[in-house]
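This is what each chain is made of:
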Amino acid sequence: MKAGTGTLDALMTQFLLLSLLAVGGGNAAIPEMHRQAVDVLGWMTDRQFADLFAIAQVAPGPNIIVVTLIGFHVAGVAGGVVATLAMCGPSCLLAFGMGHIWERFRYARWRVLIQAGLVPVSVGLIAASALILAQAADVNWVAFALTMVMAAVGYFTRVHPLWIFALAAFAGYVGLV
Amino acid sequence: MTEPPSGEGDAINPRPSLPELLFALSYVSLTGFGGVLPFARRMIVEQKRWMSAEEFNEVFSLCQFLPGPNIVNFSVVYGARLGGPLGAVLGLIAILAPAMVVVMILGGIYMRFGDVAALQRILSGLAAAAAGLIVAVSAKMAVPLFRRGFGPAPIVAVAIFIAVGILRVPLLWALLVATPAGIALAWRWRT
């Protein structure tokens, strides 16, 4: 928990490198984060990593805040901020540049074709993420039912998901999940 | 709940001002449980109607393709479209900062009370529900794609779902194959 300069430097280096390797989003970088934080650098135990990941999953905000938690665990608030900025910095600069090009050539033929090629890839990846997350979370039939209820409510209605989260938290609390 | 299944609206409102964007994304950051994409889509496409479902797919697919956290990239790209570099920085701050504050508070609580079993059980229930949200949003994103009828797009979507979701092919490999293939198929189909 000591925010030494060396620790902050290490956090920054790790996540700057990881930023551009996270092809397909933050969750794609989880295995590499785990390898570094647990196996290589010994920042935390396997169990601690799993707990931090669970907290980041259920906390509000982008999934990438698991990086904030890792940094926080290693070096307090400064660690959380440094790790997050390092993880997002390079990819954000790239996104800024690409977004500009994307918009400028809105009606260019090559851009329309790349777009037509990328959209289905994106849709397929999101569906794959849904499957992977469901497989990880649905440890029993009650958990599976919770997933399906949330999916149906989210698709067919505009009911706020927090109501279903409250139900899920209660089901977990009384030991059904 | 008399409105049609969400996300299909074509009526688009004027683009938001930067303070409106800052407020909306901060709200998404604080309320987006279990992955922010469904909440960002809900806010921008369904409630505010700042983007059509197709436009959202278009910007998000770019951010999905680029490395880094998708929703953070999305906030940067969308912010930049509305307000240049300032908009990009505001988008980044709005989507990240509120969530960072909350998660570090939770992290502090966890370091103190992480051994409590009831807390672990509640987390299990929340994780199951969070997965359902992603199931719903993937269905919503797939509808505009499949509605256009026959073509290479649904084939590519299903193929990458099988490769990454079921066969667990490393993402980099899947992208290196599927992206050129998808573009090539789109090119062949249109000419």
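Our subject is the structure listed above.
Here goes a summary of the coordinates provided. The structure displayed is predicted, hence computed values, not measured ones.

1. Considerations on the overall build of chain A
Across its full length, chain A carries seven helices and zero strands. Within the span of chain A, comprising 177 residues, buried residues form 53% of the whole. Long-range contacts, defined as pairs at least 24 residues apart, comprise 52% of the intrachain contacts of chain A with a sequence gap of at least 6. As displayed, chain A offers around 7,700 Å² of accessible surface, 71% of which is attributable to carbon and sulfur atoms. Counting 8 positive and 7 negative side-chain charges, chain A places the averaged centre of each group 16 Å from the other.

2. Some points on a nonpolar patch on the surface
The grouping of B:Val101, B:Ile105, B:Ile109, B:Phe113, B:Val116 and B:Leu119 at the surface amounts to a nonpolar patch, some 520 Å² of accessible area in total. Looking at the nonpolar patch element by element, the count peaks at four residues for helix H4 (residues 70-113) of chain B.

3. Regarding the packing of aromatic side chains
Overall, the coordinates contain six aromatic pairs over all chains when judged by the stated rule. Pairing B:Phe74 with B:Tyr78 gives two aromatic rings, centres 5.8 Å apart and planes at 25°, and the pair type is stacked. Of this pair, B:Phe74 and B:Tyr78 are both found in helix H4, four residues apart, which corresponds to roughly one turn of the helix. With respect to burial, B:Phe74 and B:Tyr78 carry one shared label: buried. Cation over ring: B:Arg41 sits above B:Phe56, and NZ or CZ is 5.9 Å from the ring centre. One Lys or Arg, B:Arg121, reaches over the ring of A:Tyr173 and ends 5.9 Å from the middle of that ring.

4. Considering the interface of chain A and chain B
Counting residues at the interface gives 94 residues for chain A, matched by 100 residues for chain B. Taken over both partners, the interface formed by chain A and chain B buries close to 8,400 Å², and the fraction arising from carbon and sulfur atoms is 76%. Here chain A is connected to chain B by zero salt bridges. In this structure, the connection of chain A to chain B is made through seven residue pairs in polar contact (both at pLDDT 80 or more). The leading source of residues in the side of chain A that touches chain B is helix H5 (residues 109-137) of chain A, at 27 residues. Residue classes in the side of chain A that touches chain B are distributed as 60 nonpolar, 26 polar and eight charged.

5. Thoughts on the environment of A:Gly124
Position of A:Gly124 among the secondary structure elements: in helix H5. On the basis of relative accessibility, which here comes to 2%, the residue A:Gly124 falls in the buried class. A:Gly124 sits 104 residues away from A:Leu20 along the chain, and the two C-alpha atoms are 21 Å apart. Discounting residues that sit within four places of it in the chain, A:Gly124 has contacts with B:Ala157, B:Ile160 and B:Phe161.

6. A word on the side chain of A:Thr84
Mapped onto the fold, A:Thr84 is located in helix H4 (residues 65-104). Here A:Thr84 is in contact with A:Val67, A:Thr68, B:Leu96 and B:Met100, once residues within four sequence places are set aside.

7. Some points on the pattern of salt bridges
Residues and elements named next belong to chain B. Evaluated as defined, the whole model comprises three salt bridges over all chains. Put simply, Glu58 and Arg81 hold a salt bridge, and the shortest N to O gap is 3.0 Å. Separated by 23 residues along the polypeptide, Glu58 in helix H3 (residues 53-65) and Arg81 in helix H4 bring together distant segments of the chain. Both residues of the pair, Glu58 and Arg81, belong to the buried class. Residues joined by salt bridges that share partners form a network here, namely Arg41, Glu46 and Lys140.

8. Brief notes about the nonpolar core
Judged by nonpolar contacts, the single largest core of 103 residues is most densely connected at A:Phe15, A:Met33, A:Met44, A:Ile70, A:Met87, B:Val72 and B:Phe74. With 17 residues, the top contributor of residues to this core is H4(B). When neighbours within four sequence positions are excluded, A:Phe15 is seen to be in contact with A:Met33, A:Val67, A:Ile70, A:Ala83, A:Ala86 and A:Met87. In terms of nonpolar packing, the next biggest core, distinct from the first, is built from nine residues, A:Ala128, B:Val156, B:Ile160 and B:Ala178 among them.

9. As for unusual backbone geometry
At B:Arg49, a position not held by glycine, the phi torsion is positive, near 55°. Relative to the helices and strands, B:Arg49 is located in the loop between helix H2 (37-47) and H3.

10. As for the packing of helix H6 (residues 141-156) of chain A against helix H7 (residues 161-173) of chain A
For any two helices packed against each other, one specifies the inter-axial angle together with the distance between the axes. Residue and element names in this part refer to chain A. At a closest axis distance of 10 Å, the pairing of H6 and H7 adopts a crossing angle of 170°. On the basis of the axis angle, H6 is roughly antiparallel to H7. Packed against H6, whose contacting residues are Leu146, Val149, Met150 and Val153, the element H7 presents Pro161, Ile164, Phe165, Leu167, Ala168 and Ala171 at the interface. The class makeup of the residues in the contact of H6 with H7 is 10 nonpolar, no polar and no charged.

Cut-offs applied
- Throughout, a residue's number is its position along its own chain's written sequence, starting from 1.
- Each chain is given a letter, starting from A, and each ligand a number, starting from 1, according to the order in which they appear as written.
- Since the coordinates come from a predicted model, pLDDT governs what is reported: local features require at least 70, and pairs of side-chain atoms require 80 or more to be given and counted, while whole-chain, interface and lining totals use all residues.
- Values shown for side chains rest on all heavy atoms present in the structure; no hydrogens or waters enter the calculation.
- Counting from the N terminus, the helices are DSSP H or I runs at least four residues long and the strands are E runs at least two residues long.
- Exposure classes here rest on a 1.4 Å probe applied to the protein chains alone. A residue is buried below 20% of its type maximum, exposed above 50%, and partly exposed in between.
- Whether two residues are in contact is decided by their heavy atoms, any of which lying within 4.5 Å being enough.
- For the accessible areas, the method is Shrake-Rupley and the probe is 1.4 Å, while residue cover comes only from the protein chains on display.
- Counting rule for charge: Lys and Arg are taken as positive, Asp and Glu as negative, and neither His nor the chain ends is counted.
- Where a charge lies is defined by one atom per residue type, namely NZ (Lys), CZ (Arg), CG (Asp) and CD (Glu).
- Patch criteria: residues need more than 30% relative accessible area and no salt bridge. Like-charged residues are merged within 9 Å; nonpolar side chains of Val, Leu, Ile, Met, Phe, Trp and Tyr are merged within 5 Å.
- Salt bridge, as applied in this entry: a Lys or Arg side-chain nitrogen positioned within 4 Å of an Asp or Glu carboxyl oxygen.
- For Phe, Tyr and Trp, rings pair up if their centres lie within 6.5 Å, where Trp contributes its six-membered ring, and each pair is then called stacked (planes under 30 degrees apart), edge-to-face (over 60) or tilted (otherwise).
- Put simply, a charge is over a ring when the Lys NZ or the Arg CZ is close to the ring centre, within 6 Å, and near the line of the ring normal, within 35 degrees.
- When two parts are brought into contact, each loses some accessible area as probed by a 1.4 Å sphere; the total of that loss over both is the buried area.
- We define a polar contact as two N or O atoms separated by no more than 3.5 Å, with the added condition that, inside protein, one atom must be a possible hydrogen donor and the other a possible acceptor, whereas residues neighbouring each other in sequence contribute only through side-chain atom pairs.
- In the scheme used here, Gly and all other residues not listed as nonpolar or charged are polar, with Ala, Val, Leu, Ile, Met, Phe, Trp, Tyr, Cys and Pro taken as nonpolar and Asp, Glu, Lys and Arg as charged.
- We call a set of buried residues a nonpolar core when its members are Ala, Val, Leu, Ile, Met, Phe, Trp, Tyr or Cys and they connect through side-chain atoms within 4.5 Å of each other.
- To get an axis, a line is fitted to the C-alpha atoms, and for a helix only the part in contact is used. The angle between two axes follows their N-to-C directions and goes from 0 to 180 degrees.
- These descriptions rest on fixed angle ranges, namely under 35 degrees for roughly parallel, over 145 for roughly antiparallel, 65 to 115 for roughly perpendicular, and the rest for oblique.

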